[in-house]
Amino acid sequence: LVKEYEENIYQFDQSYRQFIWYLDQGEDQDEFLDLQVLVEKTYKRNLDEMIRLWNDLLSFDTCPSMLDFYDQYAQSKTKTVVIISDALRYEAAKEIQAVFQTEKKYTTKMETILSVLPSVTEFGKAASLKSAHESFEYLEGFDVRVNGMKSSGTNNRDKILKNKNQNSLAITYDDVIAKENAKALRELFNGQEVIYIYHDQIDKTGDHGQEKQVFDAVQKTIDELRKLLPRISNGANVYRFIITSDHGFIYTRSKVDEHEKIDNPSTDNEDRVERRFIISKRRYEEVGMESVKLGDILRNDDSRFVHFPETSSIFKVRGGGQSYVHGGSSPQEMIVPVLEIAVARGTSTKEPAQIKLMSTRRKVVGLSLTLEFYQTEPVSDTTRKSQYALYFEDGEGERISNEHAYHADS
């Protein structure tokens with residue numbers, strides 16, 4: 001089933017995402033209401049059938065686990081940048097792969113790995129940091145430990161990486177793109193062998209009251225990662241990248257009806273109860289629900305149970321959205337992409353020298369105005385000289401001034 005999903009079934013989720021995304025771009029959405037209803041019913045019915053089959057066959061012994069990720073992919077003789085994009089589904093990663101396959105200087109290879117359960121951020125990100133000789137345990141709340149070390153937050157993840165290899169770095173996407181030029185990127189990555197970059201666009205959108213924009217966030221993620229990779233490769237001379245995730249998600253535009261939800265069976269205040277999973281010392285029996293011992297998933301002696309719906313349904317809990325969910329067991333949540341991209345050496349293209357406006361004056365008060373610019377980095381082996389045309393436009397995009405040339409060639 002995993003192989004079939006990798007080769008064919010992922011297009012089912014990809015096509016649904018693209019349908020909803022394009023529908024949202026249109027102005028006359030009412031014209032497509034009947035079509036949307038048909039697509040929604042078809043997708044939901046097949047989604048539930050697929051997830052039910054998935055859970056009938058679910059085994060944690062037959063597929064590679066996220067717990068094997070560091071040893072299998074991150075650890076390498078070649079400097080490696082691992083980009084972990086929160087909630088990046090396999091189908092979206094296939095779209096990213098297609099973009100890089102169009103250029104000869106990139107070689108791509110796509111594999112998959114299973115997330116742990118629950119398929120949520122704190123478990124997935126911690127699992128991707130674990131090596132074979134280290135312990136992995138869940139305490140309570142959002143506290144997941146790798147070799148006894150806290151895994152929440154970039155600083156803690158940096159410590160876990162350095163504990164294995166001192167020449168390692170954990171950093172956020174925002175901190176990387178804040179580096180304005182190639183020199184700053186080279187200094188950041190200089191001497192590092194394993195770099196984990198944490199990107200969060202999809203989950204941040206879906207989990208914070210913006211469910212309807214989650215497919216916009218997927219598209220933005222594809223665009224951001226497409227631009228990030230050559231920026232790092234050109235600026236910091238990195239030739240091996242891995243784009244992966246901590247978990248996927250399920251999204252349906254239609255809301256879940258109350259009768260479709262599963263009654264919350266929890267009777268213990270110590271239970272962790274979420275929309276797609278329950279962690280408890282007790283093993284509950286409820287129609288439409290399955291359970292697995294946590295220790296069997298995490299490879300330890302934890303005797304607690306993880307309970308999850310056998311379809312795309314959710315538990316009856318307060319708060320939170322219903323269209324965008326994850327944490328449970330399904331191909332969409334658990335099949336994590338591992339997209340390896342190699343950049344051919346000597347093919348890095350130089351970035352054009354950038355300029356910035358230095359003048360503090362921001363008002364035009366006469367026919368003559370002097371503006372000062374400066375070049376942000378010198379021309380080098382990674383930065384080429386460039387020429388800019390400078391002129392004024394009005395609010396409608398109409399040019400309203402003469403043009404001056406600025407040569408960034410210092």
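To keep things clear, this report deals only with the structure shown in the data block. (Residues numbered from 1 in each chain as written. Predicted model: local features only at pLDDT ≥ 70, side-chain atom pairs only at ≥ 80, totals over all residues. Heavy atoms only, no water.)

**What to know about the packing of aromatic side chains**
- Overall, the coordinates contain 13 aromatic pairs when judged by the stated rule.
- Relative to tyrosine 90, the ring of tyrosine 5 has its centre 6.1 Å away and its plane inclined at 50°; by these criteria the two rings are tilted. Here tyrosine 5 is found in helix α1 (residues 2-25), whereas its partner tyrosine 90 is found in helix α4 (residues 90-101), with 85 residues between them in sequence. Each member of the pair, tyrosine 5 as well as tyrosine 90, carries the same accessibility label: buried.
- Note on tyrosine 16 and phenylalanine 215: the rings are 6.3 Å apart at their centroids and 80° apart in plane angle, and the pair reads as edge-to-face. On the criterion of sequence distance, the pair formed by tyrosine 16 in helix α1 and phenylalanine 215 in helix α10 (residues 214-236) is long-range, its members being 199 residues apart. Exposure class is identical for tyrosine 16 and phenylalanine 215. Each is buried.
- Members of the aromatic cluster, each reached through a chain of ring pairs, are Phe12, Tyr16, Tyr43, Phe215 and Tyr251.
- If you follow arginine 272 out to its NZ or CZ, it ends over the ring of phenylalanine 142, 4.6 Å from the centre.
- Its guanidinium or amino end placed over the ring of tyrosine 391, arginine 399 lies 3.7 Å from that ring's centre, counting from NZ or CZ. (Phe/Tyr/Trp six-rings, centres within 6.5 Å; stacked < 30°, edge-to-face > 60°. Helix = DSSP H or I, 4+ residues; strand = E, 2+ residues; numbered from the N terminus. Buried < 20%, exposed > 50% of the residue type's maximum accessible area, 1.4 Å probe, protein only. Lys NZ or Arg CZ within 6 Å of the ring centre and 35° of its normal.)

**Some remarks on the nonpolar core**
- Among the nonpolar cores identified, the biggest contains 94 residues, and Phe69, Phe189, Tyr196, Ile197 and Ile232 are the most heavily contacted of them.
- At 10 residues, α10 tops the list of elements feeding residues into this core.
- If sequence neighbours within four positions are ignored, phenylalanine 189 has contacts with Lys79, Leu169, Val176, Ile195, Ile197, Ile232, Ala236 and Val238.
- By size, the runner-up hydrophobic cluster in this structure holds five residues, among which are Ile278, Tyr284, Met289 and Phe315. (Core = buried A, V, L, I, M, F, W, Y, C linked by side-chain atoms within 4.5 Å. Contact = heavy atoms within 4.5 Å.)

**Let's talk about the environment of serine 233**
- With respect to the helices and strands, serine 233 occurs in helix α10.
- Considering only alpha carbons, one finds serine 233 and serine 76, 157 residues apart in sequence, at a separation of 17 Å.

**Some points on the packing of α1 against α10**
- In contact at an axis separation of 9 Å, α1 and α10 are set at 105° when each is read in the N-to-C sense. Relative to α10, the element α1 lies roughly perpendicular. Of the residues in α10, those touching α1 at Tyr16, Arg17, Ile20, Trp21 and Gln25 are Phe215, Asp216, Val218, Gln219 and Ile222.
- When grouped by side-chain class, the residues that make up the contact of α1 with α10 number six nonpolar, two polar and two charged. (Axes fitted to C-alpha atoms, helices over the stretch in contact; angles between N-to-C directions. Parallel < 35°, antiparallel > 145°, perpendicular 65-115°, else oblique. Nonpolar A, V, L, I, M, F, W, Y, C, P; charged D, E, K, R; others polar.)

**Structural notes on the sheet that holds strand β4 (residues 144-146)**
- Taken in spatial order, the three strands line up as β3-β4-β5 in an open sheet, and their pairing is antiparallel. With one partner strand each, in any of the chains shown, β3 (136-138) and β5 (149-150) form the two edges of the open sheet.
- The pairing of β3 with β4 spans three bridges and is classified as antiparallel. Residue tyrosine 138 lies in a different strand from β4, and its bridge partner there is valine 144. (Pairing = 2+ DSSP bridges.)

**A word on the packing of helix α8 (residues 182-189) against α10**
- Where α8 contacts α10, the axes come no closer than 8 Å and their chain directions differ by 85°. If you check the angle between α8 and α10, you find them roughly perpendicular. Residues Ala182, Leu185, Arg186 and Phe189 of α8 touch α10, and the partners they reach there are Arg231, Ile232, Gly235 and Ala236.
- Class assignment for the residues of the contact of α8 with α10 results in five nonpolar, one polar and two charged.

**Thoughts on the pairing of strand β1 (residues 80-85)**
- Within β1, six of the six residues are buried, leaving the element largely enclosed by the surrounding structure.
- The sheet contact formed by β1 and strand β7 (residues 194-199) spans six bridges and is parallel. Directly across from serine 85, in β7, lies its bridge partner histidine 199.
- Pairing geometry for β1 and strand β8 (residues 240-244), over five bridges, is parallel. For isoleucine 83, the partnering residue across the bridge sits in β8 and is isoleucine 243.

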